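Fold and geometry: a report
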Amino acid sequence: MDYTKLDHYRQVIETILTEYASLPYSYANIQSEVVFDRSRDRYLWMDLGWDGDRRIHGCLVHIDLIDSKIWIQRDGTEEGIAADLERAGIPKEHIVLGFRPPELRPYTGYAVA
């Protein structure tokens, strides 16, 4: 992959996840944080904190860059993070919905692998 394109994809992913994580929770003491590992091309949006006496710790979005494509491994957003990537100019054929079973990916309109 062209390093300029790879850097662009990294920047788009980081910007989108940072925007999501900046939205505060109004009902509980929950903080969002992002984890960017550019050396391994892994990007996470995590929530942690307390909702009353219940511990919150989980990954809302997990994205990897694999073989020149953006693999969405976990998507806990309402609309879908793929739509945000598309709006940012990422072609559908460069986005893989990794959380979908391989046999269903051809029907998603996105890359299969």
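Residues numbered from 1 in each chain as written. Predicted model: local features only at pLDDT ≥ 70, side-chain atom pairs only at ≥ 80, totals over all residues. Heavy atoms only, no water.

For the protein, an unreviewed UniProt entry supplies the name XisI protein and the organism Nostoc flagelliforme FACHB-838.

A few words on unusual backbone geometry. The backbone phi angle of D41 is positive, close to 55°, even though this residue is not glycine. Turning to its location among the elements, D41 is positioned in the loop between β1 (29-37) and β2 (42-51). Positive phi, close to 50°, is recorded for D67, a residue that is not glycine. When you line up the elements, D67 lands in the loop between β3 (54-66) and β4 (69-75). For D67, a relative accessible area of 71% puts it in the exposed group. (Helix = DSSP H or I, 4+ residues; strand = E, 2+ residues; numbered from the N terminus. Buried < 20%, exposed > 50% of the residue type's maximum accessible area, 1.4 Å probe, protein only.)

Moving on, we get to the sheet that holds β2. With mixed pairing, five strands are arranged side by side in an open sheet as β1-β2-β3-β4-β5. The two strands at the open ends of the sheet, each matched to only one other strand, are β1 and β5 (95-97). Strand-to-strand twist in this sheet, taken as the mean axis angle between neighbours without regard to direction, amounts to 20°. Relative to β4, β3 runs antiparallel, the two being bridged by six bridges. Looking at the pairing, H62 lines up with R74 of β4. Where helix α1 (residues 3-21) meets the sheet, it contacts β1, β2, β3 and β4, and its direction lies at approximately 10° from that of β2. (Pairing = 2+ DSSP bridges. Axes fitted to C-alpha atoms, helices over the stretch in contact; angles between N-to-C directions. Contact = heavy atoms within 4.5 Å.)

What follows is about the packing of aromatic side chains. One pair of aromatic rings is described through two measures. These are the centre distance and the angle between the planes. A complete count under the given rule lists three aromatic pairs for this structure. Judged by centre distance (5.1 Å) and plane angle (25°), the ring pair of Y20 and W45 falls under stacked. Separated by 25 residues along the polypeptide, Y20 in helix α1 and W45 in strand β2 bring together distant segments of the chain. Note on Y25 and Y27: the rings are 5.6 Å apart at their centroids and 80° apart in plane angle, and the pair reads as edge-to-face. Using a relative accessible area of 54% as the deciding quantity, one classes Y27 as exposed. Looking at K92, its charged tip hangs above the ring of Y110, at a distance of 4.8 Å from the centre. (Phe/Tyr/Trp six-rings, centres within 6.5 Å; stacked < 30°, edge-to-face > 60°. Lys NZ or Arg CZ within 6 Å of the ring centre and 35° of its normal.)

Here the focus is the pattern of salt bridges. Applying the stated criterion across every chain, the model contains eight salt bridges. The salt bridge involving D64 is made with R42; its shortest N-O contact spans 3.8 Å. Taken together, the positions of D64 in strand β3 and R42 in strand β2 put the pair 22 residues apart, joining distant regions of the chain. On the basis of relative accessible area, D64 is assigned to the buried category, the value being 8%. Residue R87 pairs with E79 through a salt bridge whose shortest N-O separation is 3.1 Å. Both residues of the pair, R87 and E79, belong to the exposed class. Overlapping salt bridges, with partners in common, bring together D7, R10 and D41 in one network. (Salt bridge = Lys/Arg side-chain N within 4 Å of Asp/Glu carboxyl O.)

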